[in-house]
Amino acid sequence: LAENYFFLQEYGACETYFIKALQVMEKANERNIEIYNEFHHGELYNNLGYLYYICKDYEKGEPAFLKSIEVLSPYVKSNYSLYALNAYFRPLINIAVLYNDTAKYDQALKYGYEGLEHSQKLYNYSAEMFYAEYVLILKTLALAENSLGNADKAIELIERAIVAEPANAELKEIKAKFIGE
């Protein structure tokens with residue numbers, strides 16, 4: 001239900017149902033009921049964090065993304081697969097974008113480079129399926145590096161993004177700004 005309300009842009013109802021789903025998931029975990037698993041639990045936190053991000057409620061988004069990463073990290077280590085990587089890299093990318101948008105560039109780089117590592121594996125597996133996320137994390141890292149004065153690294157990252165998506169005019173504009181054109 002929460003995702004349906006999200007697509008309807010009824011964010012209050014969306015939040016209510018994500019929180020209810022998390023409560024059910026946590027009760028199931030406490031009682032060792034089979035419906036609980038780290039994958040779904042972590043995805044719920046990521047989706048809730050994304051809802052808060054869209055609503056520009058960064059103070060709620062940040063802990064939701066961090067909780068998603070915390071829950072999914074052991075899942076990825078014990079169930080290493082494309083499926084697990086796909087779930088894990090999303091909150092890493094999301095929190096890197098949030099930190100970049102809130103001028104917490106060191107934090108953006110910390111989570112962004114970890115997200116890039118996983119995103120690169122998925123991109124190598126299927127560039128067609130995962131290029132958008134790969135480009136987003138490269139762009140986010142480039143912007144953070146540039147904001148911290150690391151122009152050469154920023155240019156390198158944005159050039160990698162352009163190689164992945166050569167028709168993207170925004171990436172070319174960013175590069176032009178980085179090199180002073």
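What this report covers is the structure whose coordinates are included nearby. As the structure is a prediction and not an experimental result, all values here were calculated from the model.

Structural notes on the overall build of the protein
So, step 1. Broken down by element type, the protein carries 9 helices and 0 strands.
So, step 2. Secondary structure elements of the protein occur, N-terminal to C-terminal, as α-α-α-α-α-α-α-α-α.
So, step 3. In terms of its C-alpha atoms, the protein occupies a principal-axis envelope of roughly 60 × 35 × 30 Å.
So, step 4. Accessible surface for the protein amounts to roughly 9800 Å². Of this, 51% is attributable to carbon and sulfur atoms.

Brief notes about the nonpolar core
Nonpolar side chains in soluble globular proteins tend to be buried together.
So, step 1. Grouped together as the largest cluster of nonpolar side chains are 43 residues, with contacts concentrated most on Leu116 and Phe178.
So, step 2. Of all elements in the fold, only α3 (38-54), α4 (58-78), α5 (82-101), α6 (105-125), α7 (127-147), α8 (151-164) and α9 (169-179) reach the threshold of two or more residues within this core.
So, step 3. Among the elements that take part in this core, α5 stands out by supplying 12 residues, more than any other.
So, step 4. Not counting chain neighbours up to four residues away, the residues in contact with leucine 116 comprise Tyr134, Ile137, Leu138, Leu141, Leu157 and Arg160.
So, step 5. Within the second largest apolar cluster, 11 residues are counted, among which are Ala2, Phe6, Leu48 and Leu51.

Observations regarding the pattern of salt bridges
Once their charged atoms are close, side chains differing in charge can pair, the charge on each being opposite to the other.
So, step 1. All told, the structure shown has 8 salt bridges when counted by the stated rule.
So, step 2. Residue lysine 60 pairs with glutamate 15 through a salt bridge whose shortest N-O separation is 3.8 Å. Linking lysine 60 in helix α4 with glutamate 15 in helix α2 (residues 11-30), this pair joins segments that are 45 residues apart in sequence.
So, step 3. With a shortest N-O distance of 3.0 Å, glutamate 159 and lysine 175 are connected by a salt bridge. With glutamate 159 in helix α8 and lysine 175 in helix α9, the pair connects residues that are 16 residues apart, well separated along the chain.
So, step 4. Here glutamate 159 falls in the partly exposed class, since its relative accessible area comes to 34%.
So, step 5. Taking the relative accessible area as the measure of exposure, lysine 175 reaches 23% and is therefore partly exposed.

Parameters and conventions
- Residues numbered from 1 in each chain as written.
- Predicted model: local features only at pLDDT ≥ 70, side-chain atom pairs only at ≥ 80, totals over all residues.
- Heavy atoms only, no water.
- Helix = DSSP H or I, 4+ residues; strand = E, 2+ residues; numbered from the N terminus.
- Areas by Shrake-Rupley, 256 points an atom, 1.4 Å probe, with all protein chains shown as cover.
- Core = buried A, V, L, I, M, F, W, Y, C linked by side-chain atoms within 4.5 Å.
- Buried < 20%, exposed > 50% of the residue type's maximum accessible area, 1.4 Å probe, protein only.
- Contact = heavy atoms within 4.5 Å.
- Salt bridge = Lys/Arg side-chain N within 4 Å of Asp/Glu carboxyl O.

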